[in-house]
There are 2 protein chains.
Amino acid sequence: MSRKWLIENGTFAVLEPGRSVVKGYMLIENDLIKYVGESRPEIEEGTDTFDGRGLLFAPGLINTHGHAAMSLLRGYGDDMLLQNWLQEKMWPMEAKFTSRDVYWGTALSVVEMLKGGTTTFLDMYDHMDQVAKVADESGIRAVLMRGAIGLCPEDVQQQKLEEAIRFAQDWHGKADGRITTMMSPHSPYTCPPAFIEKFVQAAHDLDLPLHTHMSETTAEVQQNIEEYGLRPTMHLEKLGFFSRPSIIAHGVHLNDEEIEILARNNVAVSHNPGSNLKLASGVARVVDLQKAGVVVSLGTDGAASNNNLDMFEEIRLAALIHKGVSGDPTAVPAEEALKMGTIYGAKSVYLPNTGKLAEGMKADFIAMNTDQAHFIPHTDFISHMVYSAGPKDVEHVWVNGNQVVKHGSCLTIDEERVRREAQACFEGLLSR
Amino acid sequence: MSRKWLIENGTFAVLEPGRSVVKGYMLIENDLIKYVGESRPEIEEGTDTFDGRGLLFAPGLINTHGHAAMSLLRGYGDDMLLQNWLQEKMWPMEAKFTSRDVYWGTALSVVEMLKGGTTTFLDMYDHMDQVAKVADESGIRAVLMRGAIGLCPEDVQQQKLEEAIRFAQDWHGKADGRITTMMSPHSPYTCPPAFIEKFVQAAHDLDLPLHTHMSETTAEVQQNIEEYGLRPTMHLEKLGFFSRPSIIAHGVHLNDEEIEILARNNVAVSHNPGSNLKLASGVARVVDLQKAGVVVSLGTDGAASNNNLDMFEEIRLAALIHKGVSGDPTAVPAEEALKMGTIYGAKSVYLPNTGKLAEGMKADFIAMNTDQAHFIPHTDFISHMVYSAGPKDVEHVWVNGNQVVKHGSCLTIDEERVRREAQACFEGLLSR
C-alpha cells in the first residue's frame, strides 16, 4: 500500500546551483521524494501533512568511512604516539572483540549517528553479520564490508576472503535495499599484493565496489615504496584495484601524479579530517583533489580516533582547516563542505539515488530546529548548518521514508539498553 | 543570609595533577565552592542537597576574546577574502549599529554562551554600557572594555579614550563583582602609538589590565614593520603595553623572540582557532608558546567569523589542529586543552578565583549529562569532554553560585524574545 505525505511550509536545503534553499513543500511517497518546490503540489484528499515551520530540511548526512564497533574503545587511549596507541591499546582489545561486542558497539554508534543526522554509514570491520543486523533493525542505510587484514598464513587469508565474499553476497540489497556491500582488503600495508588481487577479482565477480585504507601516514607511503617500489596509488592501480568502482579512505599523503591517477580512474576519496588531525597524520590535499575532479566525501573513522561520530564536526573541519592551512578563506566554501557530507558521500559509496533533496531520490533526510540562538539571524541556513550547527540541532530523521528519530529520540532502538550493554561490553573486554 | 547546598554522588573535573576527576561531593556556600572531595562533608541539618548522579561537573568555560554583538552578523558574509569581507560586509553594517542593536546582539550571544557552558566572557566592542547591562541582567560573568580604533581625528580619539575610561570606572566590580573591566586600544595597526600610550597610562591610573588584537595576519605584521620598524610585539613592548597585566588576542604570527618577550612579561594569549582557520589567518604556535611558559587561553572571536560561540569547539580545535599540523599526536593533550578553556582562561582575564573546581573558588560551574551514547563507555570523562562533547550536553550552569541554566534552558533570559528582537535588529540594519 502506497503512503504519501506532504511537508508544508518548510525550508529545504536543495543545494542547487544558484539556489541553495527553497521555502515550500516536499512530497514523499513510500521511500521516495516525489517533489520539492515553492508551490504546493496537488495532493489527494486524506494525504497526511507535516508542519515544516521552524525546520530546516536537509539531506541525511553520509559517513563514508568508519568502524562502528570501535566506539567501545572511545576514550580508552588518546594523545599517544600512533604505534603505542595501536600496540598497547587498540589491538589487544580488538583481538578480544566477540560478535556480541560488535553488535553492541555498532548499536552504540548507530544511536549516535542517527540522532546526529547521519542516515548512511560505511562500515569496514569484522563480525559483519552483527553490523548488518544492527543496520537492519535500526532502519539506518549502510554500506558494509568485511575488512580483511592479510598478515596471516594463506589458509587464514583464504578463510577471510571467503567470509568477505559470503557476507557481501548474503547482505547486498537486504533490509528493503538499505544494505549494500563492498569488498575490502584492509590496506596495501596490511595486505600482500596477491591477497589484494583476489579481492579485486571477487569484486569483479560479484559486481561490487572496492574500499580500502590508503596513504593515511607518511610512514605507510614510505613502507610501500620500500617493499614494492611504488607509492600506494600506483601500487593499487597496478593490482587492478581502480578497474572497479572504488573509494579509498584518508588519502592524506598524495603527490600530483597520484591525484591525477585517482581522478582519471574516478576513485572517490573519504576525507577523515577529525581522525587525521587527532592521530597527527596530517592534512589531506582536499582542494587539489577537488580541482582535479576527484569526488571527496567525509568520514569519521572509528570513535576511538575521533572521538565521536558527529558528521557536523567533519563538515565544519573540512570547511575550516583547508582555509587555515592554505591561507585562502575561499577554500572549501560552506556549501561545498555540506555537499561533501551529503551528495558527494552518496556518489562515493555508489548510492546515486541518495544524498539530495530532489524528485526521485530516496527519502533520507533530516529536519533541524532553526528557532535557536545560534541560528539567528536567519541569514544563510547553509552557512549556519556548516559553521554553527551541531548534532543535537537535529530534531527529526527519516531513512527510506521511515522516521527513525523524533524530537531527538530514536524510535527504532532502545537507547538506554544500548548504553547499558555497550558499557558492559567494554567492562567485559577490560576484565578478559 | 548564607545559603549552603551540597552536590552528592557527582563526578567532578578537578583537573589536578594525577587526579583529573573525583567522584564524590561538592559543597557550595553563596558564591563560593567550599569543598570538593570523595568523602561527604559535615553539613548542618536542612542543608539543600542536589543529586549529582549521571552528571559530570566541570568549571564553567571562559571565552577570552570576542565581540558579542557581532552575532547579529552571523552568516551575513562567509568564505570571502578578508578585506572584501570587512569592507563590503562587516564595516558598513557595524557603522549602523545602535545601542539597541548591541543590547540584543549581546543578549543573543549570552543566551548561546550560557546554554553552551560558558560562564565568563571577555568582550571588546562599542556601546559597552549595553553589554554590561546584559551581563548584569543575565547573571553571566564578564570582562568588559570599550575597544577603541584610533584612525580618527585627535578630538574623536580623546572622546573614545574618555568613554573607555568612564566605562571602565563605572562598571568595574559591579553586578555582585561579576563585571570587571580592562582598557583596550583595538590593535597596533588601527591605533597610532601615542593613542596606545594613553591607554597604557589610563590602565596604570585605574590599575586595570590591557587587552588588544595582535599579530592575527601576516599582512598586519608586515605593515607594523613598515610603519614602525618593529614587529608588533616589540612595538607594544616599547609603548609600555606589557608593563601592565595584559592579554593579546590571536598571536598567530610570532617569531621566537616575540614568544620570549611575551613569556618574560607574563602576557597571556587568547588563541582563537576557529576564527583563525575560517579567516585563513593561519595556525598559532600554541605548543611553542606553552613551552615558553606563556598562558594560552581560548576565545571564539565574534560570531561573524566563527560562526558560533561554542567553547567546546574551540577546546576541541585546540586539541586537534596542533597535533595535525605538527605531526605529534601528543601535542596539546585533552586535559591541557580543557585547562585552556577554563583555568588558563581565568588567569588570562585576571580572575584568579575562577576556572577551577576547588575550595575557595567562585561557584562558576556546569553539569554535563553523561548518560548519552557519545559519553559511553565511561572510560575517560576529560577525553569525552574534549573530543566527544558539545554545547548541548550542558544540562545545568551556575555562575557566582546562582543557577542560570536548568535542563538546557536559560533561567535569567527570555530566550524566545531575544531571538525575535535580534532577528528584528538584523532586519533593521539591512533596511537602514
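Residues numbered from 1 in each chain as written. Chains lettered and ligands numbered in written order. Predicted model: local features only at pLDDT ≥ 70, side-chain atom pairs only at ≥ 80, totals over all residues. Heavy atoms only, no water.

As named in an unreviewed UniProt entry, chain A is 5-methylthioadenosine/S-adenosylhomocysteine deaminase, taken from Paenibacillus zeisoli. UniProt's Function (unreviewed entry) comment on chain A is quoted here verbatim: "Catalyzes the deamination of 5-methylthioadenosine and S-adenosyl-L-homocysteine into 5-methylthioinosine and S-inosyl-L-homocysteine, respectively. Is also able to deaminate adenosine." Its UniProt record, at the heading Sequence similarities (unreviewed entry), says of chain A: "Belongs to the metallo-dependent hydrolases superfamily. MTA/SAH deaminase family." (UniProt positions renumbered as here; feature names shortened; annotations may be inferred.)

Caption draft 1: Seen up close, the domain arrangement of chain A. All names here are of chain A. Split by domain assignment, chain A resolves into domain 1 (4-60 + 355-410) and domain 2 (61-348). At the junction of the two partners, domain 1 supplies 30 residues and domain 2 supplies 33 residues. It is L15, V386 and Y387 that lose the most area in domain 1 upon contact with domain 2, and together they represent 25% of the buried surface on that side. Summed over the shared surface of domain 1 and domain 2, the result is 1 salt bridge. The partner of R141 in a salt bridge is D364, and the shortest N-O contact between them spans 2.7 Å. Linking domain 1 to domain 2 there are 8 residue pairs in polar contact (both at pLDDT 80 or more). (Domains from an automatic or database assignment. Contact = heavy atoms within 4.5 Å. Buried area = accessible area lost by both parts, 1.4 Å probe. Salt bridge = Lys/Arg side-chain N within 4 Å of Asp/Glu carboxyl O. Polar contact = N/O pair within 3.5 Å; in protein donor to acceptor, adjacent residues only side chain to side chain.)

Caption draft 2: Molecular detail of the interface of chain B and chain A. Counting residues at the interface gives 54 residues for chain B, matched by 55 residues for chain A. Overall, the association of chain B and chain A removes approximately 4500 Å² of surface from exposure, summing both partners, and the carbon and sulfur fraction of that is 62%. Where chain B meets chain A, there are 6 salt bridges. Here B:D79 and A:K323 are joined by a salt bridge, their closest N and O atoms 3.3 Å apart. Where chain B meets chain A, there are 38 residue pairs in polar contact (both at pLDDT 80 or more). Contributions of two or more residues to the side of chain B that touches chain A are made by helix 2 (99-115), helix 9 (273-278), helix 11 (311-326), helix 14 (381-388) and helix 15 (415-431) of chain B. The element contributing the most residues to the side of chain B that touches chain A is helix 11 of chain B, with 7 residues. Residue composition of the side of chain B that touches chain A, by class: 22 nonpolar, 18 polar and 14 charged. (Helix = DSSP H or I, 4+ residues; strand = E, 2+ residues; numbered from the N terminus. Nonpolar A, V, L, I, M, F, W, Y, C, P; charged D, E, K, R; others polar.)

Caption draft 3: Summary view of the UniProt feature "binding site: substrate" (unreviewed entry) in chain A. Residues and elements named next belong to chain A. With numbering matched to this structure, UniProt assigns "binding site: substrate" (unreviewed entry) to E94, R146, H186, E216 and D301. With residues up to four places along the chain from it excluded, the contact list for E94 reads M70, L73 and Y125. As for its position among the elements, E216 is in the loop between strand 11 (210-214) and helix 6 (218-228). In this structure, E216 is in contact with H250, V252, H253, N276, L279, S281 and D301, ignoring residues within four places of it in sequence.

Caption draft 4: Spotlight on the pairing of strand 3 (residues 32-37) of chain A. All names here are of chain A. Pairing geometry for strand 2 (residues 19-29) and strand 3, over 5 bridges, is antiparallel. Its bridge partner lying in strand 3, M26 is registered against V36. In this structure, the hairpin formed by strand 2 and strand 3 is closed by a connection of 2 residues, where N30 is found at a positive phi of approximately 55°. (Pairing = 2+ DSSP bridges.)

Caption draft 5: Summary view of the state of the cysteines. By the definition in use, this model includes 0 disulfides over all chains. Unpaired in this structure, A:C152 has its nearest cysteine sulfur neighbour in A:C191, at a distance of 8.4 Å. For A:C152, a relative accessible area of 22% puts it in the partly exposed group. In this structure B:C425 is not part of a disulfide, and its nearest cysteine sulfur, from B:C410, lies 18 Å away. (Disulfide = S-S within 2.5 Å. Buried < 20%, exposed > 50% of the residue type's maximum accessible area, 1.4 Å probe, protein only.)

Caption draft 6: Spatial organisation of the pattern of salt bridges. Tallying each qualifying case throughout the model produces 57 salt bridges over all chains. Residue B:R432 is joined to B:D101 by a salt bridge in which the shortest nitrogen-to-oxygen separation is 2.8 Å. Of this pair, B:R432 sits in the segment after helix 15 while B:D101 sits in helix 2; the two residues are 331 residues apart in sequence, bridging distant segments of the chain. The buried category is assigned to B:D101, whose relative accessible area is 2%. Connected through shared salt-bridge partners, A:R100, A:R417 and A:E421 make up one network.

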